[in-house]
Amino acid sequence: MPTPRRTTEERRIELADAALEIIATRGISELTTKNVADAVGLTTGAIFRHFESLDALLAAVADRVVELLDRSYPPATLEPLERLERFVEARSATIGDRVGILRLMMSEQFAMALPEPAARRLRAAIDATRAFLVTTIAEAQAGHQLRADIAPEPLAVIIMGTIQMLGLSVTHVPRAGRAAHRHAVRAALVLLLAPPITRARRT
């Protein structure tokens, strides 16, 4: 039975994911329409049936990154500490599965290579992450679920750094053990941020 033909949207996602993989493994200087076409088994001409230019492909990559990051936000109805724990695990899994996301967002060189509207979308995604963390941390502190002797803003930076390093570190962990690794780091982070009395009880 022949393989079903991909829809235009499915092909665009496939191409954006291939571009992210090239960014992760070879650097943005290797992100050319030819290399993307080779990665998915298409001709360069076929790429231009889906994207009118390399800038259009880069814009689609930014859109794909934002879409994947947005999926990692947990339901707002959860208690703040559970919301925070789920976010750390989901976001680090997203970054670990596609290291190109982190390299694209954190490298000034990569950001400069993007069309300005795409770069703005990525900066807005980073700002949204920080705002989510600050709000969630403040709610958890108000409910005495997290230590309150440090303001939410610096704690948000610590958590963002942990997510970034966790996302990168899973490349050295066998795929079968990555979920357990993320869970262990998340549990350690929550313990370190717990109020002193809670920490004493857990130990």
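We now turn to the structure provided with this report. (Residues numbered from 1 in each chain as written. Predicted model: local features only at pLDDT ≥ 70, side-chain atom pairs only at ≥ 80, totals over all residues. Heavy atoms only, no water.)

1. Observations concerning the overall build of the protein chain
Moving on, step 1. On a plain count of helices and strands, the protein chain comes out with 11 helices and 0 strands.
Moving on, step 2. Going residue by residue from the N terminus, the α and β elements of the protein chain occur as α-α-α-α-α-α-α-α-α-α-α.
Moving on, step 3. Over its C-alpha atoms, taken along the principal directions, the protein chain stretches across nearly 65 × 40 × 30 Å.
Moving on, step 4. Looking at the protein chain as a whole, 44% of its 203 residues are labelled buried.
Moving on, step 5. Summarising the internal contacts of the protein chain: among those between residues at least 6 apart in sequence, 62% fall at separations of at least 24.
Moving on, step 6. A total accessible area of about 10,900 Å² is found for the protein chain, and carbon and sulfur atoms account for 57% of it.
Moving on, step 7. Distance between charge centres in the protein chain, computed from 26 positive and 23 negative side chains, equals 4 Å. (Helix = DSSP H or I, 4+ residues; strand = E, 2+ residues; numbered from the N terminus. Buried < 20%, exposed > 50% of the residue type's maximum accessible area, 1.4 Å probe, protein only. Contact = heavy atoms within 4.5 Å. Areas by Shrake-Rupley, 256 points an atom, 1.4 Å probe, with all protein chains shown as cover. Lys, Arg positive; Asp, Glu negative; His and termini not counted. Charge placed at Lys NZ, Arg CZ, Asp CG, Glu CD.)

2. A word on the nonpolar core
Moving on, step 1. Judged by nonpolar contacts, the single largest core of 33 residues is most densely connected at Leu 15, Leu 31, Val 36, Val 61, Val 65, Leu 104 and Leu 122.
Moving on, step 2. If you list the elements that add at least two residues to this core, you get helix H1 (8-26), helix H2 (33-40), helix H3 (44-47), helix H4 (54-71), helix H6 (99-106) and helix H8 (116-142).
Moving on, step 3. If one sorts the elements of this core by residue count, H4 sits on top with 9 residues.
Moving on, step 4. Judged by nonpolar contacts, the second largest core, of 20 residues, contains Ile 95, Phe 132, Ile 137 and Ala 140. (Core = buried A, V, L, I, M, F, W, Y, C linked by side-chain atoms within 4.5 Å.)

3. Concerning helix H5 (residues 80-97)
Moving on, step 1. Between its terminal C-alpha atoms H5 stretches 26 Å, which fits the 26 Å expected from 18 residues at 1.5 Å a residue.
Moving on, step 2. If you check which residues of H5 are buried, you get Pro 80, Leu 81, Arg 83, Leu 84, Phe 87, Val 88, Arg 91, Ser 92, Ala 93, Thr 94, Ile 95 and Gly 96. (Expected span 1.5 Å × (residues − 1).)

4. Focus: the packing of aromatic side chains
Moving on, step 1. Tallying each qualifying case throughout the model produces 3 aromatic pairs.
Moving on, step 2. For the ring pair Tyr 73 and Phe 132, a centre distance of 5.1 Å and an interplane angle of 70 degrees mean the geometry is edge-to-face. With a gap of 59 residues between them, Tyr 73 in the loop between H4 and H5 and Phe 132 in helix H8 connect regions that are remote in the sequence.
Moving on, step 3. A relative accessible area of 23% means that Tyr 73 is categorised as partly exposed. (Phe/Tyr/Trp six-rings, centres within 6.5 Å; stacked < 30°, edge-to-face > 60°.)

5. Points about the side chain of Thr 162
Moving on, step 1. If you trace the backbone, Thr 162 turns up in helix H9 (residues 152-169).
Moving on, step 2. Among the residues examined, Thr 162 registers a relative accessible area of 18% and is labelled buried.

6. Looking at the packing of H4 against H8
Describing two packed helices takes the angle between their axes plus the distance from one axis to the other.
Moving on, step 1. Remark: H4 packs on H8, axes separated minimally by 9 Å, with the N-to-C direction vectors making an angle of 15 degrees. Taken together, H4 and H8 sit at an angle that is classed as roughly parallel. Crossing of H4 against H8: the hand is left-handed. Listed contacts from H8 to Leu 58, Ala 59, Ala 62, Asp 63, Val 65, Val 66 and Leu 69 of H4 are Ala 118, Arg 121, Leu 122 and Ala 125.
Moving on, step 2. Per-class residue counts for the contact of H4 with H8 are 9 nonpolar, no polar and 2 charged. (Axes fitted to C-alpha atoms, helices over the stretch in contact; angles between N-to-C directions. Parallel < 35°, antiparallel > 145°, perpendicular 65-115°, else oblique. Left-handed = near helix turned anticlockwise from the far one by under 90°. Nonpolar A, V, L, I, M, F, W, Y, C, P; charged D, E, K, R; others polar.)

7. Observations regarding the environment of Ala 179
Moving on, step 1. Topologically, Ala 179 is positioned in helix H10 (residues 178-193).
Moving on, step 2. C-alpha of Ala 179 to C-alpha of Arg 120: the two residues are 59 residues apart in sequence and 32 Å apart in space.

8. Let's talk about the environment of Ser 29
Moving on, step 1. Summarising the element assignment, Ser 29 is placed in the loop between H1 and H2.
Moving on, step 2. Between the C-alpha atom of Ser 29 and that of Ala 16, which follows or precedes it by 13 residues, the distance is 16 Å.

9. Describing unusual backbone geometry
Moving on, step 1. For His 144, which is not a glycine, the phi torsion comes out positive at approximately 60 degrees.
Moving on, step 2. The exposed category is assigned to His 144, whose relative accessible area is 67%.

10. Concerning the side chain of Arg 91
Moving on, step 1. Looking at the element boundaries, Arg 91 is found in helix H5.
Moving on, step 2. Here the side chain of Arg 91 touches Ser 72 through a polar contact of 2.7 Å, side chain to side chain.
Moving on, step 3. Ignoring sequence-local partners within four residues, the contact set of Arg 91 consists of Leu 69, Ser 72, Tyr 73, Thr 129 and Ile 163. (Polar contact = N/O pair within 3.5 Å; in protein donor to acceptor, adjacent residues only side chain to side chain.)

11. Observations concerning the pattern of salt bridges
Moving on, step 1. The final tally for this structure, using the stated rule, is 14 salt bridges.
Moving on, step 2. Taking the shortest distance from any N to any O, the salt bridge between Arg 71 and Glu 67 comes out at 2.6 Å. One end of the pair, Arg 71, and the other, Glu 67, are both in helix H4, 4 residues apart, so they sit about a helical turn from each other.
Moving on, step 3. A salt bridge links Glu 139 to Arg 83; its shortest N-O distance comes to 3.0 Å. (Salt bridge = Lys/Arg side-chain N within 4 Å of Asp/Glu carboxyl O.)

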